[in-house]
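# Examination of the molecular architecture
Chain residues, written in single-letter form:
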Amino acid sequence: MDALDRRILRVVQQDCSMSAAMLADRCGTTESTVLRRVKALTKAGILSRAVMKVAAEKVGRGLTIILSVRLERETASQVEAFRRSIAEHPDVLSCYFVTGTWDYLIILNVGAMGDYDRFLREMVVGQSVMVASETHVVIQAIKADGPVAIDEPAP
């Protein structure tokens, strides 16, 4: 990756909906060059799908929950079933397998505590593979969905 590729990556993370002409202008190059570079960055797996961000609170889903869970690891098939069900659940924004006290951190987006209660009852409570869980209700997002830092190469 050269300096132009890094510039393109920085700009598209700010606004992926801009036209190729606008992206080229912001990056100081031609439209054909930008299109070729974006295609190459996509083919290399550096860029992936372009999506628009929805303001969750404006569509009635303004409650973000961070759920930490610990599972019993002796039953691989049950753990895999849990992982699959979490990955497929529409309220789950992200799920991370992590080190430390907890096994998974699950980021949920729901409309109200009743929705979260329903999620807990369906997905957590009573699961034989579940050992423990802890809930964190997000009061305010200080920074969320920030861009990936694109570092300059070492000299």
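Above this text sits the structure in question.
No experiment lies behind these values; they were computed from the predicted model shown.

Okay, the overall build of the protein next. Per the secondary structure count, the protein includes five helices and four strands. Starting at the N terminus, the α and β elements of the protein follow one another as α-α-α-β-α-β-β-α-β. Taken over C-alpha atoms, the radius of gyration comes to 20 Å for the protein, far larger than the 15 Å a tight globule of 155 residues would show. Counting only C-alpha atoms and orienting by the principal axes, one finds that the protein spans roughly 60 × 35 × 25 Å. In the protein, the share of contacts with a sequence separation of at least 24, taken over all contacts with a separation of at least 6, comes to 66%. Within the structure as shown, the protein displays about 10400 Å² of accessible surface, and the carbon and sulfur contribution to it stands at 55%. Within the protein, one finds 19 positive and 19 negative side-chain charges whose respective centroids are separated by 6 Å.

So, on to the packing of helix 1 (residues 3-14) against helix 2 (residues 20-27). Between helix 1 and helix 2, the least distance of the axes is 10 Å, while the angle of their chain directions is 125°. The angle between helix 1 and helix 2 falls in the class oblique. Of the two possible hands of crossing, helix 1 and helix 2 adopt the one that is right-handed. Within the contact between the two elements, helix 1 uses Leu4, Arg7, Ile8, Val11, Val12 and Gln14 and helix 2 uses Leu23, Arg26 and Cys27. Residue composition of the contact of helix 1 with helix 2, grouped by class: six nonpolar, one polar and two charged.

Moving on, we get to the nonpolar core. Counting residues in hydrophobic clusters, the biggest one holds 20 residues, and the most contacted among them are Leu67, Phe82, Ile106, Leu108, Tyr116 and Phe119. Counting only elements with at least two residues in this core, the list comes to strand 1 (63-71), helix 4 (76-88), strand 3 (104-110) and helix 5 (113-123). Those residues in contact with isoleucine 106 that sit more than four places away from it in its chain are Ile65, Ile66, Leu67, Val69, Phe82, Ile86, Val92, Ser94 and Cys95. Within the second largest apolar cluster, 14 residues are counted, among which are Leu9, Val12, Ala24 and Cys27.

What follows deals with the sheet that holds strand 1. Taken together, the four strands give an open sheet; going across it, the order is 2-3-1-4, and neighbouring strands pair in antiparallel fashion. Because the sheet does not close on itself, it has two edges, and the strands there are strand 2 (92-97) and strand 4 (130-137). Along the sheet, successive strands turn relative to each other by an average axial angle of 20°, direction set aside. Here helix 4 sits on the sheet in contact with strand 1, strand 2, strand 3 and strand 4, set at roughly 30° to strand 3. Of the strands in this sheet, strand 1, strand 2, strand 3 and strand 4 are in contact with helix 5, which crosses strand 1 at around 20°.

How each quantity is defined
- Residues numbered from 1 in each chain as written.
- Predicted model: local features only at pLDDT ≥ 70, side-chain atom pairs only at ≥ 80, totals over all residues.
- Heavy atoms only, no water.
- Helix = DSSP H or I, 4+ residues; strand = E, 2+ residues; numbered from the N terminus.
- Rg over C-alpha atoms; globule rule 2.2 N^0.38 Å.
- Contact = heavy atoms within 4.5 Å.
- Areas by Shrake-Rupley, 256 points an atom, 1.4 Å probe, with all protein chains shown as cover.
- Lys, Arg positive; Asp, Glu negative; His and termini not counted.
- Charge placed at Lys NZ, Arg CZ, Asp CG, Glu CD.
- Axes fitted to C-alpha atoms, helices over the stretch in contact; angles between N-to-C directions.
- Parallel < 35°, antiparallel > 145°, perpendicular 65-115°, else oblique.
- Left-handed = near helix turned anticlockwise from the far one by under 90°.
- Nonpolar A, V, L, I, M, F, W, Y, C, P; charged D, E, K, R; others polar.
- Core = buried A, V, L, I, M, F, W, Y, C linked by side-chain atoms within 4.5 Å.
- Buried < 20%, exposed > 50% of the residue type's maximum accessible area, 1.4 Å probe, protein only.
- Pairing = 2+ DSSP bridges.

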